[in-house]
Amino acid sequence: IQLTQSPSSLSASVGDRVTITCRASQGISSHLAWFQQKPGKAPKLLIYAASTLQSGVPSRFSGSGSGTDFTLTIRSLQPEDFATYYCQHLNSYPLTFGGGTKVEIK
Amino acid sequence: EVQLVESGGGLVQPGGSLRLSCAASGFSLSDHYMDWVRQAPGKGLEWVARSRNKAQSYTTEHAVSVQGRFTISRDDSQNSLYLQMNSLETEDTAVYYCARGFCTSGTCYSGDSWGQGTLVTVSS
């Protein structure tokens, strides 16, 4: 199963609403997770089961979708949100990640 | 506090071998699925291997790119996860992370906790 993220990068300002999409090459139900990664750091789990917020993650992050089309939304972008975001499917093996979306400061 | 600490990375020649370790603390390793995930320099994340928990008989899965060359294993008595890497190729150069998994509603997800990563460089 291939995961295609779009866009691959975006520029946004603090306070903006940001939406990242992840499309699976075949249906994966809701078996999708989203991660945030900052340079030189390990990834951090944000959302699992497509829409469940991981404990401790700010509520400005949300996920939606099922089947083949998924979105990660950041409601009001904060300075600490500038990072690269990855989706990962857990539907079957091999598990795969999307190519990533880099969110940069405008 | 949950903590994962990888070790064992370094410089190795093509065709060589290396064994990575991940020391877990703050939780019982036997209760959790565990994954290895890697990231080549400047590239995205790539899932490498999974070790299921004791309840699932410690069965394993490996990515196609490493099948037959890498083997994930664990020693719950040592609370440690391992990745034996043989026949290393230059394309295996990456930071290798261990990640703790968790299961909910029949699906087991990766990465509610991660180590800091260990760099493996395959070069002559």
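In what follows, the accompanying structure is described.

Scoring rules and cut-offs
For every chain, the first residue of its written sequence is number 1, and the numbers climb from 1 along that sequence. Labels are handed out in written order, letters beginning with A for the chains and numbers beginning with 1 for the ligands. With pLDDT at 70 or above as the cut-off, local features in this predicted model cover only qualifying residues; side-chain atom pairs require 80 or more to be listed or tallied, and sums for whole chains, interfaces and linings still use all residues. Hydrogens and water are ignored here; the side-chain numbers use all heavy atoms of the structure. Residues are treated as being in contact if the distance between any of their heavy atoms lies within 4.5 Å. By buried area we mean how much accessible surface two parts lose on assembly, using a 1.4 Å probe and totalling the loss over both. What counts as a salt bridge is simple: a side-chain nitrogen of Lys or Arg found within 4 Å of a carboxyl oxygen of Asp or Glu. Helix numbering and strand numbering both begin at the N terminus, where a helix is a DSSP run of H or I of at least 4 residues and a strand a DSSP run of E of at least 2. The rule for a disulfide is simple: a pair of cysteine sulfur atoms within 2.5 Å. A 1.4 Å probe rolled over the protein chains alone gives each residue an accessible area, and that area as a share of the maximum for its type sets the label: buried under 20%, exposed over 50%, partly exposed in between. Working definition: a ring pair exists when centres of Phe, Tyr or Trp rings (six-membered ring for Trp) sit within 6.5 Å. Plane angles under 30 degrees give stacked, over 60 give edge-to-face, the rest tilted. Ring-over charges, as used throughout, are those where CZ of Arg or NZ of Lys falls within 6 Å of the ring centre and within 35 degrees of the ring normal. Between any two strands, pairing holds if DSSP finds at least two bridges. Lines are fitted to the C-alpha atoms to define the axes, a helix being fitted only along its stretch in contact, and any angle between axes, read from their N-to-C directions, falls within 0 to 180 degrees.

With that settled, consider the interface of chain B and chain A. One frequent convention defines the size of an interface as the accessible area lost when the parts assemble. On the side of chain A, 20 residues touch chain B, which itself brings 22 residues to the contact. Buried area between chain B and chain A, both sides added, is near 1700 Å², and the carbon and sulfur share of it is 67%. Considering only the side of chain B, the residues that lose the most area to chain A are Leu-45, Trp-47 and Tyr-109 of chain B, jointly responsible for 36% of the buried surface there. Taken together, chain B and chain A are joined by 0 salt bridges. Put simply, the parts of the chain that give the side of chain B that touches chain A at least two residues each are strand 4 (34–39), strand 5 (45–51), strand 9 (94–104) and strand 10 (107–114) of chain B. Here the side of chain B that touches chain A takes 7 residues from strand 10 of chain B, the largest share from any one element.

Attention now moves to the pattern of salt bridges. Opposite charge on two side chains allows them to pair when their charged atoms are near. Under the criterion given, the structure shown has 12 salt bridges over all chains. Among the ionic pairs, Arg-60 of chain A bridges to Glu-80 of chain A, the shortest N-O distance being 3.4 Å. Residue Arg-60 of chain A is found in the loop between strand 6 (52–53) and strand 7 (61–66), and its partner Glu-80 of chain A is found in the loop between strand 8 (69–74) and strand 9 (84–89); the two are separated by 20 residues along the sequence. For the salt bridge of Asp-92 of chain B with Arg-69 of chain B, the shortest nitrogen-to-oxygen distance reads 2.7 Å.

Using the criterion set out here, one finds 3 disulfides over all chains in the structure. Across a sulfur-sulfur distance of 2.1 Å, Cys-22 of chain A and Cys-87 of chain A are joined as a disulfide pair. Classification of the bridge connecting Cys-22 of chain A and Cys-87 of chain A rests on its S-S torsion, roughly 75°, and on that basis the disulfide is right-handed. Of this pair, Cys-22 of chain A sits in strand 3 (residues 18–24) while Cys-87 of chain A is found in strand 9, placing the two residues 65 residues apart along the sequence. Of the two residues, Cys-22 of chain A and Cys-87 of chain A, neither departs from the other in class, the shared state being buried. The disulfide partner of Cys-22 of chain B is Cys-98 of chain B, and the gap between their sulfur atoms is 2.0 Å. Taking the sign of the S-S torsion, about 55° here, the bridge from Cys-22 of chain B to Cys-98 of chain B comes out right-handed. With Cys-22 of chain B in strand 3 (residues 18–25) and Cys-98 of chain B in strand 9, this pair connects stretches of sequence that are 76 residues apart. The burial state of Cys-22 of chain B is the same as that of Cys-98 of chain B; both residues are buried.

Take the packing of aromatic side chains next. Geometrically, a pair of aromatic rings is defined through the distance of the ring centres and the angle of the planes. For the coordinates displayed, the defined rule picks out 8 aromatic pairs over all chains. Aromatic ring contacts, followed pair by pair, group Phe-35 and Phe-97 of chain A together with Tyr-97 and Trp-114 of chain B into a single cluster. In this structure, Arg-19 of chain B packs its charged tip against the face of Tyr-82 of chain B, placed 3.9 Å from the ring centre.

All right, on to the sheet that holds strand 7 of chain A then. Residues and elements named next belong to chain A. Here we have 4 strands laid out as an open sheet, ordered 1-3-8-7, and antiparallel in their pairing. This sheet does not close on itself; its edge strands, each paired only once, are strand 1 (3–6) and strand 7. Geometrically, the sheet is characterised by an average inter-axis angle of 15° between neighbouring strands, direction not taken into account.

Let's shift gears to the side chain of Asp-81 of chain A. All names here are of chain A. Among the structural elements, Asp-81 can be located in the loop between strand 8 and strand 9. Given the relative accessible area of 1%, Asp-81 is considered buried. Not counting chain neighbours up to four residues away, the residues in contact with Asp-81 comprise Gln-36, Arg-60, Phe-61, Ile-74 and Ser-76.

Another point: the pairing of strand 11 (residues 101–105) of chain A. Look at any regular strand and the pattern is simple: side chains alternate between the two faces of the sheet. Residue and element names in this part refer to chain A. Pairing between strand 2 (residues 9–12) and strand 11: 4 bridges, direction parallel. Each bridged residue has a counterpart across the sheet, and for Ser-9 the counterpart in strand 11 is Lys-102. Judged from the 2 bridges that link them, strand 9 and strand 11 form a sheet pairing that is antiparallel. Paired with Tyr-85 across the bridge in strand 11 is Thr-101.

This is a description of form; function is not addressed.
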